[in-house]
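For reference, the chains in residue letters:
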Amino acid sequence: MRILLILAAALFGATVVTLLVHHVTHRRRFRLDQSHADRPNVDRPDVGQRPAPGDVAAAARRYRMNRLIEDYYALGLADLADPAFIAKAHAGLAFVIPQALAVVRNGCRHGGDLVPPDYAALTDREKTAARLLHDCLSGSLADLHRFQRLCQDNDLKSAAGRLFSANEAHWQLPTMVDDVPNFTRIHLPETPLSDPAPLPRSSLGTGKGVTGLEQAVQIVAILAPGDAPPPARAPADGPRPTVPPLLVLRRPRHRDMPWAGAECWFGGRPRLGADAWPRGATSGLPLHFIAQIDLSRVQLMAGTTALPADGWLAFFMGQEDGPEGAVVHVAPGSPAETAPPDDLPPLDHWMGGPPLFTTRADRPARGRELPYWPMELRPIPPEMSTTTEDIRDELERQFGTPASGFNARLAFAEIGMGEPLLWWYGAHYLLQGLVVARSQADSIRERMRRHRPPSSDALPVETLWSDFERLADEVARAVRGKPHGQMMTPEDRHRLDDWLARLAGPLREIRRFCHFLPQDIGTVETATLQALMTADDATYASTMPDALATMLNTRYQRPAGTFRQWHQMFGPGDTIQGDALFLHEDRGDILLLQLADDAVGHLDLGGLVQFWISPDAARRREWGAADFVYETD
C-alpha cells in the first residue's frame, strides 16, 4: 500500500509541474485553456469548502489517501478558522494557499479579518496558482527543479524555491531528498516526525514572519494578479488618496539638449545648499549620493501629495557597516553643487560591478561618485497601476522586455556592428587601474608572498612587480596627450590587447590581488561606452554614432539589471523577499523612491533599494524618520 501511495504521489507531482509549465513558461499575461480547468467532482458537492470541526480529521485522512488539492485547500480553510492557532500538524502550511489568495484579492494587504474564498469560487488563474503552491508544499525536490528549469520567470522560480524550503524547515525535514514527495515524507515517514509547533494566529495581521506566506503571496500575485475585486470596505483609517506612481527613468540624450543643469538627476553631485552631507549612523562616514528630485516637478506629474510642493529630495546610501540610507530635503532656491567630504569612501568599497574610475585630475582615481544622468518622471494612470504586476506590464508595453545587464558588444551588435568601436578612454581606464594598484604596492606584494605555497616555482614577487611597473610606465607614456574621445586605430587597439594579455598571462598573480585591474577587453569596451554616454556635450557629440545613440535612448531608459525591476516613486513597490513591502503598504506608507539594480548607471546593487516614509512624518517634514530598505535574493 505504501509503495502505491508513493508512486501515486510522484505521478501527481509530475503532472502538476507539467500543467504549470504549460502556462507559466508563457509571459505573465497568459490565457488558460479551458481544457485545463479543474476536473469536476460530482461525488463531492462540498469540494474545497471548510470542513466542520468534527470532520477535519476525516478530511486529513481523505487527503492522505487521495492527495487532492481540494482537500488540502479545505484543510487550510479549517486551520484559518481556528480561533487561536494556524499551521497545525494535520494541515501543516496548507493555510498559506487560501490566505495568500485572500491577501492578493485584497490588493496585497494583509489583515487577520480577511475571508478566504472557497475553492469553487476561485478563477482559473487562481486555481493554477493554488496548484503550484500545493506542489511546492507536497511535491518533491526533483519536481521543483524540473519546474524551475522550464519556467522563464525568475521571480516565480525564486519564490517557489523559497516556499519549498520554508515547508521543509516547518516540518524539520532533511534537505536535498530529490525524488520523494514531501507529501510522503510528512504523512508516511519511515520514522515518525515530531509535530511542528503551531503558529500564533496574531501573526496573520501583518503577514510578517509567517512561515511561507510571503512567498505564497508573491506566487499568487504573479500568476493571478487582480483576478477578483478587493473587498468593498475602506481601510480603518479611511480612504487613502490616489497618487499615480511615477516611473523614474533616464532622460534620453539628444545633441541639442544641454546635459548639465537638470531638475532631477541620478549620480554626480547633489545641490544641498545649507544642508549637511549625511553620514552613516554607525560608521560616521559620509553616505554616497544617489539621486536628487525636484518636488515641484513631482507635483506637476502627480498632483498634490503629502510631500512639500517645492524644494528637492536628495537620496543617499552606503554600506560601510551594513546597508543604510538617508533622505535630505533641500529648501527651494538655487543651491550650488556640493562637493563630497574628503573622507567619502570609494564606491568600490560596497558597490558591485566593474571598477569605477575617474580620469579628471581634480578628483581621486577610484570613483566616489556615480555617473551623472538627468532623470525623467513619467506618471502611470492609477487605473493601470493597482498592483506591481500592472506596472510591470505597462513598462513592458512602453519599453519592451528589459535588458538584464549592459555589455558594449551586445549594444553594438544591436545596431549591426560586430566589433565595438574603441576610443582612447579605454587606455585611460586601464591606466587608472594600474595607478591604483601602484598606490597599494606594499599591500599587494605582501598578500602575494603570504598566499604562495612553499614549493612555488613562480618568479620572485619583486621580479613580477618590476615587470608590472614597466607595463604601467608604458601605458602612461602611450596615453599621454590622447583625448578620451579620440578613436583608436587598429594599431592602438592591438597595443591595448597586448597590455591586457600581459595582465592575464605573466602578471596574472598581481591581478588576482588587485580587483581594480580590468579583467579583459570586454570590461574595457563596456566601461568606455558607459563613460562616453555620460561625457560632456562636446565629447558626446563627436564620438557617439547616431544609430547607437538612438538605440541607447530607447533600449536603456529603464534600469538594466539582474532582477529586471525599475525605479519608481509612489504606488505599490516591487519586492524580492516581500516582508518590507507588505509591512509598509499595510501601514499606508509613501514610497519616496525605489531604485533597482542597474548596470548602465553603475548602480550594481544586487537587489532592490527603497525609501519609505509615513504620511504623518512627511507632513511634519521629519525626513530622518524615513525607512531605508535593501532587499536581495
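The preceding data block contains the structure.
Below or above, wherever it landed, is the structure these notes cover. (Residues numbered from 1 in each chain as written. Predicted model: local features only at pLDDT ≥ 70, side-chain atom pairs only at ≥ 80, totals over all residues. Heavy atoms only, no water.)

## Description of the overall build of the protein chain
For step 1, the next point in the chain: The number of helices and strands found in the protein chain is 22 helices and 12 strands.
For step 2, the next point in the chain: Out of the 633 residues in the protein chain, the part that is buried amounts to 55%.
For step 3, the next point in the chain: Contacts in the protein chain between residues at least 24 apart in sequence constitute 72% of all its contacts with a sequence separation of at least 6.
For step 4, the next point in the chain: When the accessible surface of the protein chain is totalled, it reaches about 27,200 Å², and 53% of it is carbon and sulfur. (Helix = DSSP H or I, 4+ residues; strand = E, 2+ residues; numbered from the N terminus. Buried < 20%, exposed > 50% of the residue type's maximum accessible area, 1.4 Å probe, protein only. Contact = heavy atoms within 4.5 Å. Areas by Shrake-Rupley, 256 points an atom, 1.4 Å probe, with all protein chains shown as cover.)

## A short note on the packing of aromatic side chains
For step 1, the next point in the chain: Overall, the coordinates contain 11 aromatic pairs when judged by the stated rule.
For step 2, the next point in the chain: When the ring of Trp259 is compared with that of Tyr372, the centres are 6.0 Å apart and the planes differ by 90°; the resulting orientation is edge-to-face. With Trp259 in the loop between strand E3 (246-250) and strand E4 (265-266) and Tyr372 in the loop between strand E7 (324-330) and strand E8 (373-379), this residue pair connects regions lying 113 residues apart in the sequence.
For step 3, the next point in the chain: By way of ring pairs, the aromatic residues Trp265, Trp277, Phe289 and Phe316 are connected into one cluster.
For step 4, the next point in the chain: In this structure, Arg253 packs its charged tip against the face of Trp259, placed 4.0 Å from the ring centre.
For step 5, the next point in the chain: A cation over an aromatic ring shows up here: Arg253 above the ring of Tyr540, its NZ or CZ 4.1 Å from the ring centre. (Phe/Tyr/Trp six-rings, centres within 6.5 Å; stacked < 30°, edge-to-face > 60°. Lys NZ or Arg CZ within 6 Å of the ring centre and 35° of its normal.)

## Describing unusual backbone geometry
For step 1, the next point in the chain: You will see that His602, though not glycine, has its phi angle at about 60°, which is positive.
For step 2, the next point in the chain: In this fold, His602 is placed in the loop between strand E10 (590-598) and strand E11 (603-613).
For step 3, the next point in the chain: Using a relative accessible area of 8% as the deciding quantity, one classes His602 as buried.
For step 4, the next point in the chain: The phi dihedral of Arg621 is positive, around 60°, even though this residue is not glycine.
For step 5, the next point in the chain: Among the structural elements, Arg621 can be located in the loop between helix H22 (615-619) and strand E12 (627-632).

## Comments concerning the environment of Arg297
For step 1, the next point in the chain: If you trace the backbone, Arg297 turns up in helix H10 (residues 295-302).
For step 2, the next point in the chain: Along the backbone, Arg297 and Leu377 are 80 residues apart, and their C-alpha atoms lie at a distance of 8.1 Å.
For step 3, the next point in the chain: Leave out the neighbours within four places in its chain, and Arg297 touches Glu263, Cys264 and Leu377.

## Considering the packing of helix H4 (residues 96-105) against helix H9 (residues 213-223)
For step 1, the next point in the chain: Orientation of H4 relative to H9, taken along the N-to-C sense of each, is 55°, at an axis distance of 8 Å. Classed by the angle they form, the pair H4 and H9 counts as oblique. The crossing of H4 and H9 is right-handed. Residues Val96, Gln99, Ala100, Leu101, Val103 and Val104 of H4 pack against Leu213, Ala216, Val217, Val220 and Ala221 of H9.
For step 2, the next point in the chain: In terms of residue class, the contact of H4 with H9 is built from 10 nonpolar, one polar and no charged. (Axes fitted to C-alpha atoms, helices over the stretch in contact; angles between N-to-C directions. Parallel < 35°, antiparallel > 145°, perpendicular 65-115°, else oblique. Left-handed = near helix turned anticlockwise from the far one by under 90°. Nonpolar A, V, L, I, M, F, W, Y, C, P; charged D, E, K, R; others polar.)

## Points about the packing of helix H13 (residues 425-439) against helix H15 (residues 461-479)
For step 1, the next point in the chain: Put simply, H13 and H15 touch, their axes get as near as 10 Å, and they point 140° apart. The interaxial crossing formed by H13 with H15 has left-handed handedness. Each of Ala427, His428, Leu430, Leu431, Leu434, Ala437 and Arg438 in H13 lies in contact with H15, whose residues at this interface are Trp465, Phe468, Glu469, Ala472, Asp473, Val475, Ala476 and Val479.

## Considerations on the pairing of E8
For step 1, the next point in the chain: Relative to E8, E3 runs antiparallel, the two being bridged by five bridges. Looking at E8, one finds that Leu247 is bridged to Arg378.
For step 2, the next point in the chain: Sheet topology places E4 next to E8; two bridges connect them, and they run antiparallel. Following the sheet pairing, Trp265 is matched in E8 by Pro374. (Pairing = 2+ DSSP bridges.)

## Some remarks on the pattern of salt bridges
It is possible for side chains of opposite charge to pair when their charged atoms get near one another.
For step 1, the next point in the chain: For the structure shown, the criterion picks out 28 salt bridges.
For step 2, the next point in the chain: The shortest N-O distance in the salt bridge between Arg438 and Glu469 comes to 2.4 Å. With Arg438 in helix H13 and Glu469 in helix H15, this residue pair connects regions lying 31 residues apart in the sequence.
For step 3, the next point in the chain: Using a relative accessible area of 31% as the deciding quantity, one classes Arg438 as partly exposed.
For step 4, the next point in the chain: With relative accessibility at 23%, the residue Glu469 sits in the partly exposed group.
For step 5, the next point in the chain: Via salt bridges that share partners, Asp442, Arg445, Glu446, Arg449, Arg450 and Glu462 belong to a single interconnected network. (Salt bridge = Lys/Arg side-chain N within 4 Å of Asp/Glu carboxyl O.)

## Quick notes on the pairing of strand E5 (residues 288-294)
For step 1, the next point in the chain: Summarising burial for E5: seven of the seven residues are buried, a large majority.
For step 2, the next point in the chain: Examined bridge by bridge, E5 and strand E6 (residues 312-318) share six bridges and lie antiparallel to one another. Directly across from Ala291, in E6, lies its bridge partner Phe315.

## A closer look at the side chain of Arg251
For step 1, the next point in the chain: Take Arg251: it is sitting in the loop between E3 and E4.
For step 2, the next point in the chain: When sequence neighbours within four positions are dropped, the list of residues in contact with Arg251 reads Met257, Pro258, Trp259, Ala262, Trp373, Pro374, Met375 and Glu376.

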